[in-house]
Amino acid sequence: MKRLEAAFDRGKVLVAYLCVGDPSVDESVELARSCVRAGADVIELGVPFSDPTADGPAIARASQRAIAAGGGLAATLRAARALRAAEPHVGIVLFGYYNPLFVRGEERAAKEAAESGVDALLVVDLPIEESSALRHAAAAHGVGFVPLLAPTSRGDRIGAVRVAAAEGPVPFVYYVSVTGVTGTTATDAGKAGARAAELRAAVGLPVVVGFGIDSREKARGAALGADGAVAGTALVRAIEEGRAPAARAEAVEKLVRELRAGVDEARPRASAS
Amino acid sequence: MSKSPVGYYGPFGGRFVAETLIPALDELAEAFGTIVRGEAFQDEWRGLLARYVGRPTPLGEARRLARAIDPEGRALGKLWLKREDLCHTGAHKINNALGQVLLAKLMGKTRVIAETGAGQHGVATATACALFGLPCDVFMGSEDVKRQAPNVGRMKLLGARVIPVESGSRTLKDAMNEALRDWVTNVRTTYYCIGSAAGPHPYPELVATLQSVIGEEARQQVLDQQRALPDAVIACVGGGSNAIGIFRAFLPDAQVALVGVEAAGEGVQTTRHAATLGAGRVGVLHGSKSYVLCDDAGQIQEAHSISAGLDYPGVGPEHSWLKENGRARYLSATDDEALAAAALIARSEGIIPALESSHAIARIGDVARELAAARGSPVSVVLGLSGRGDKDLSTLLARLT
């Protein structure tokens, strides 16, 4: 949690999502380190799930490849442990769907996440009303919970976020830029960023914008209003297209540097302390 | 029953979906309460059931099938068939589709989407959309598109667009994933018409409410004809809409055994089956907490059944609760048993059943023998014959002739 707070204290934040296990768990750790080197403040380690209903085709394909390569919750926790050992300061969010956590047992999953150096959990198909058990288990182990808000969310949903924040650590809110799945091209980043600014005022927590952030311009647009931007599908595609580990790492670093530049154009960060 | 939060059946149900959809589910739950339970909706929907679907469907006695199952009549006294196969479009699915598409219209939605496995819910939704003048997109696994070709043709004739889904096992589960992705993208204008008593709250309750017309009729009809309640009600269970539809009216009748029959595919001891309640575990799939087929890592497993309508690794949450609280029992029948049952009813009663319904037929004898042994006299059984077998003709012909 402290690492996430520190990231937002430094300035506008860049969050990078990776589907762990695509193409292998070891390479995912290396790619996460590439993201950190290129300027990502927070890494979302994606737990691949068989039925990713909130994801578009790119992340759905990556999830299938990752599961075939042995990916899943256990492998993602191993990746978290390795990344934490190598990068003591980066924020790590365990990102995924509910069933793998539920089947493992919420208490056990929260404990293992804490032991693996995870700062917070984000579960895309677990709305706040259904999340009480997991949030409390996470909080007991010092792990935060990241709620989502969407363009369709009205006042009662914002109220639910406030309730969650009163009950346990909520490091930031993830604002979904559009009604849609990940990898959309329809994102109006500036508009989403402006909405994120309103939401931050309403909930009193940092708000980042994700879904469809695939370029320097969109990262800048989102970060103008929001506290940060999240890139996922664009990175997953770069990994999918790369032929060899070196090419994949290079493509990921190049993309993250561009996104970083976009976020910094919105407001330069204070020098890391 | 123990008290549960709204949208739960005991510990099962809930709403496990992306945040974007929560307001739409709230809107639907409100419309369910104000519109569906209102007089105007009920008048129009029930009028359509009578004059368009052909309800009430008959409850007919199947004497020759009963004797084929139990030649000496020591266990199975009377066998009643609740003939949902005689509904317009050939299955019970139309009861729900007409209700939900009417609701979509009244909610001001301008487009309807649906998932389908066997194609019966797709055909029913396409039919309702044609009747109400709404555009309709149906997601269907490409494997099911192949094995249910007649229903694909019917949907197209009815003006719907059939979108083949190529991901995962290319069956019902994947069609539902894709429908959810479409809905989250077009949620403001689109109504998602779910075909089974599954999915996030309020869908399980909405679908069960619309399908409970089956059991309301069947209960009255069996009382009229044999002057007594049946000893058992049997229905097949995939997601479980026809089963919950016929069970609901009998839930308070504790002396009536309720039996659901799942698809055992090539055997529940193999990995190729769809016996979610019989061989699965509690998990979360497609928006609700219920029994699912998944591995130790929480990955959903592919189901298998010869019948596309039962080929699903989840089940509606109310069935999980009925299993857990003991009010219903869940058995299974293999592909081969279902095929044999289809042949048996075809030749003894002149009825070609859907392969889904054939699973329930396959267990009538076992259920009757067990109940008769316990009660000391032959029993009467009501079977939910959920649909007709026209769509399965190529499978039936390939496997039985």
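Here goes a summary of the coordinates provided. The shown structure was predicted, so the numbers you read here are calculated from the model rather than taken from an experiment. (Residues numbered from 1 in each chain as written. Chains lettered and ligands numbered in written order. Predicted model: local features only at pLDDT ≥ 70, side-chain atom pairs only at ≥ 80, totals over all residues. Heavy atoms only, no water.)

**Quick word on the overall build of chain A**
Phase 1 of the analysis: Helix and strand counts for chain A stand at 12 helices and nine strands.
Phase 2 of the analysis: For a compact globule of 273 residues, the expected C-alpha radius of gyration is about 19 Å, and chain A comes in at 17 Å, within 12% of that figure.
Phase 3 of the analysis: For chain A, the proportion of its 273 residues judged to be buried stands at 64%.
Phase 4 of the analysis: Expressed as a percentage of contacts within chain A between residues at least 6 apart in sequence, the contacts between residues at least 24 apart total 78%.
Phase 5 of the analysis: About 9700 Å² of surface is accessible on chain A, with carbon and sulfur atoms providing 52% of the total.
Phase 6 of the analysis: Each charge class in chain A can be summarised by its mean position, and for the 32 positive and 33 negative side chains these summaries are 3 Å apart. (Helix = DSSP H or I, 4+ residues; strand = E, 2+ residues; numbered from the N terminus. Rg over C-alpha atoms; globule rule 2.2 N^0.38 Å. Buried < 20%, exposed > 50% of the residue type's maximum accessible area, 1.4 Å probe, protein only. Contact = heavy atoms within 4.5 Å. Areas by Shrake-Rupley, 256 points an atom, 1.4 Å probe, with all protein chains shown as cover. Lys, Arg positive; Asp, Glu negative; His and termini not counted. Charge placed at Lys NZ, Arg CZ, Asp CG, Glu CD.)

**Observations regarding the packing of helix α9 (residues 203–211) of chain B against helix α10 (residues 213–226) of chain B**
Residue and element names in this part refer to chain B.
Phase 1 of the analysis: The geometry of α9 relative to α10 is characterised by a closest axis approach of 4 Å and an angle of 35 degrees between their N-to-C directions. Here Thr209, Leu210 and Gln211 of α9 lie close against α10, whose contacting residues are Val213, Ile214 and Gly215.
Phase 2 of the analysis: Among the residues forming the contact of α9 with α10, the class breakdown is three nonpolar, three polar and no charged. (Axes fitted to C-alpha atoms, helices over the stretch in contact; angles between N-to-C directions. Nonpolar A, V, L, I, M, F, W, Y, C, P; charged D, E, K, R; others polar.)

**Focus: a nonpolar patch on the surface**
Residue and element names in this part refer to chain B.
Phase 1 of the analysis: A contiguous nonpolar patch, built from Ile352, Leu393 and Leu397 and spanning about 270 Å² of accessible area, is present on the exposed surface.
Phase 2 of the analysis: Inspection of the secondary structure puts Ile352 in the loop between α14 (335–349) and α15 (355–362).
Phase 3 of the analysis: Among the residues examined, Ile352 registers a relative accessible area of 45% and is labelled partly exposed. (Patch = residues over 30% accessible without salt bridge, like charges linked within 9 Å, V, L, I, M, F, W, Y side chains within 5 Å. Salt bridge = Lys/Arg side-chain N within 4 Å of Asp/Glu carboxyl O.)

**Thoughts on the sheet that holds strand β7 (residues 161–165) of chain B**
Residues and elements named next belong to chain B.
Phase 1 of the analysis: Across the sheet, four strands lie side by side as β7-β6-β5-β8; this open sheet has parallel pairing. The sheet terminates laterally at β7 and β8 (190–192), the two strands that pair on one side only. Across this sheet, the average inter-strand angle for adjacent strands is 25 degrees, counted without regard to direction.
Phase 2 of the analysis: In terms of strand pairing, strand β5 (residues 111–116) meets strand β6 (residues 136–141) through five bridges, oriented parallel. Bridged to Glu115 within β6 is Phe139.
Phase 3 of the analysis: Each of β5, β6, β7 and β8 touches helix α8 (residues 172–185); the most contacted strand, β5, lies at about 160 degrees to it. (Pairing = 2+ DSSP bridges.)

**Here's the deal with the interface of chain A and chain B**
Phase 1 of the analysis: With 36 residues of chain A at the interface, the matching set in chain B holds 35 residues.
Phase 2 of the analysis: Summed over both sides, the interface of chain A with chain B buries roughly 2700 Å², with 51% coming from carbon and sulfur.
Phase 3 of the analysis: Our count for the chain A to chain B interface comes out at three salt bridges.
Phase 4 of the analysis: One can count 18 residue pairs in polar contact (both at pLDDT 80 or more) joining chain A with chain B.
Phase 5 of the analysis: Those elements that provide at least two residues to the side of chain A that touches chain B are α3 (57–68), α5 (98–104), β6 (148–149) and α8 (155–167) of chain A.
Phase 6 of the analysis: At five residues, α5(A) tops the list of elements feeding residues into the side of chain A that touches chain B. (Buried area = accessible area lost by both parts, 1.4 Å probe. Polar contact = N/O pair within 3.5 Å; in protein donor to acceptor, adjacent residues only side chain to side chain.)

**A few points about the packing of helix α2 (residues 39–53) of chain B against helix α4 (residues 93–106) of chain B**
Residue and element names in this part refer to chain B.
Phase 1 of the analysis: Running from N to C, α2 and α4 point in directions that differ by 140 degrees, and their axes come no closer than 10 Å. The orientation of α2 relative to α4 falls into the category oblique. In this structure, α2 meets α4 at a crossing whose hand is right-handed. Taking contact as the criterion, the partners of Phe41, Glu44, Trp45, Leu48, Leu49, Tyr52 and Val53 in α2 are, on α4, Ile94, Asn95, Leu98, Gly99, Leu102, Leu103 and Leu106.
Phase 2 of the analysis: Of the residues contributing to the contact of α2 with α4, the split by class is 11 nonpolar, two polar and one charged. (Parallel < 35°, antiparallel > 145°, perpendicular 65-115°, else oblique. Left-handed = near helix turned anticlockwise from the far one by under 90°.)

**Digging into the pairing of strand β10 (residues 257–265) of chain B**
All names here are of chain B.
Phase 1 of the analysis: Summarising burial for β10: nine of the nine residues are buried, a large majority.
Phase 2 of the analysis: Bridging between strand β9 (residues 232–236) and β10 involves five bridges; their strand directions are parallel. Bridged to Ala232 within β10 is Ala257.
Phase 3 of the analysis: Regarding the hand of the β-α-β motif, the stretch spanning β9, helix α11 (residues 241–247) and β10 is right-handed.
Phase 4 of the analysis: Pairing of β10 with strand β13 (residues 328–334) involves seven bridges; the strand directions are parallel. What sits directly across from Gly260, in β13, is Tyr330. (Right-handed = clockwise from strand over helix to strand, strands pointing away.)

**Observations regarding the sheet that holds strand β4 (residues 76–83) of chain B**
Residue and element names in this part refer to chain B.
Phase 1 of the analysis: The six strands lie next to each other as β3-β4-β14-β9-β10-β13, forming an open sheet whose pairing is mixed. The open sheet terminates on both sides in strands that have one partner only, identified here as β3 (59–61) and β13. Across the sheet, the mean angle from the axis of one strand to that of its neighbour is 25 degrees, orientation sign disregarded.
Phase 2 of the analysis: On the sheet, α15 packs against β9, β10, β13 and β14 (379–385) and is oriented at approximately 145 degrees with respect to β9.
Phase 3 of the analysis: The sheet contacts of helix α16 (residues 364–375) involve β4, β9, β10, β13 and β14, and relative to β14 the element is tilted by about 155 degrees.

**Let's talk about the nonpolar core**
Phase 1 of the analysis: Core analysis: the largest hydrophobic core is formed by 124 residues, its most contacted members being A:Tyr174, B:Leu103, B:Trp183, B:Tyr191, B:Tyr192, B:Ile246 and B:Phe247.
Phase 2 of the analysis: Dropping the residues within four chain positions of it, B:Ile246 is found in contact with B:Lys82, B:Ile214, B:Gly215, B:Ala218, B:Val233, B:Ala235, B:Val382 and B:Gly384.
Phase 3 of the analysis: Judged by nonpolar contacts, the second largest core, of 72 residues, contains A:Ala32, A:Leu121, A:Ala189 and A:Ala229. (Core = buried A, V, L, I, M, F, W, Y, C linked by side-chain atoms within 4.5 Å.)

**Quick look at α8(B)**
Phase 1 of the analysis: For α8(B), built from 14 residues, the straight-helix expectation of 20 Å at 1.5 Å per residue is met to within 8% by its first-to-last C-alpha distance of 20 Å.
Phase 2 of the analysis: Burial analysis of α8(B) places 12 of its 14 residues in the buried class, the great majority of the element. (Expected span 1.5 Å × (residues − 1).)

**Some details on the packing of aromatic side chains**
The relative placement of two aromatic rings is captured by the distance of their centres and the angle of their planes.
Phase 1 of the analysis: With the rule as written, the count across this model stands at 12 aromatic pairs over all chains.
Phase 2 of the analysis: Between A:Tyr98 and A:Phe102, the aromatic rings sit 5.6 Å apart at their centres with planes inclined by 50 degrees, giving tilted as the arrangement. With a gap of four residues between them, A:Tyr98 and A:Phe102 both fall in helix α5, about one helical turn apart.
Phase 3 of the analysis: Owing to a relative accessible area of 1%, A:Tyr98 belongs among the buried residues under this scheme.
Phase 4 of the analysis: When the ring centre of B:Phe32 is taken as reference, the NZ or CZ atom of B:Arg37 above it lies at 4.4 Å.
Phase 5 of the analysis: If you follow B:Lys323 out to its NZ or CZ, it ends over the ring of B:Tyr291, 5.2 Å from the centre. (Phe/Tyr/Trp six-rings, centres within 6.5 Å; stacked < 30°, edge-to-face > 60°. Lys NZ or Arg CZ within 6 Å of the ring centre and 35° of its normal.)

**What to know about the pattern of salt bridges**
Phase 1 of the analysis: What the rule picks out here adds up to 59 salt bridges over all chains.
Phase 2 of the analysis: Between A:Glu240 and A:Arg61 there is a salt bridge whose closest N-O contact spans 2.7 Å. In this pair, A:Glu240 sits in helix α11 (residues 233–241) while A:Arg61 sits in helix α3, placing the two residues 179 residues apart along the sequence.
Phase 3 of the analysis: Assessed through its relative accessible area of 27%, A:Glu240 is described here as partly exposed.
Phase 4 of the analysis: Connected via shared salt-bridge partners are A:Glu129, A:Arg157, B:Arg15, B:Glu19 and B:Asp26.

**Focus: the side chain of B:Thr171**
Residues and elements named next belong to chain B.
Phase 1 of the analysis: With respect to the helices and strands, the residue Thr171 is situated in the loop between β7 and α8.
Phase 2 of the analysis: For Thr171, a relative accessible area of 6% translates into the label buried.
Phase 3 of the analysis: With sequence-adjacent residues up to four places away left out, Thr171 is seen in contact with Gly141, Glu143, Asp144, Arg147 and Asp311.

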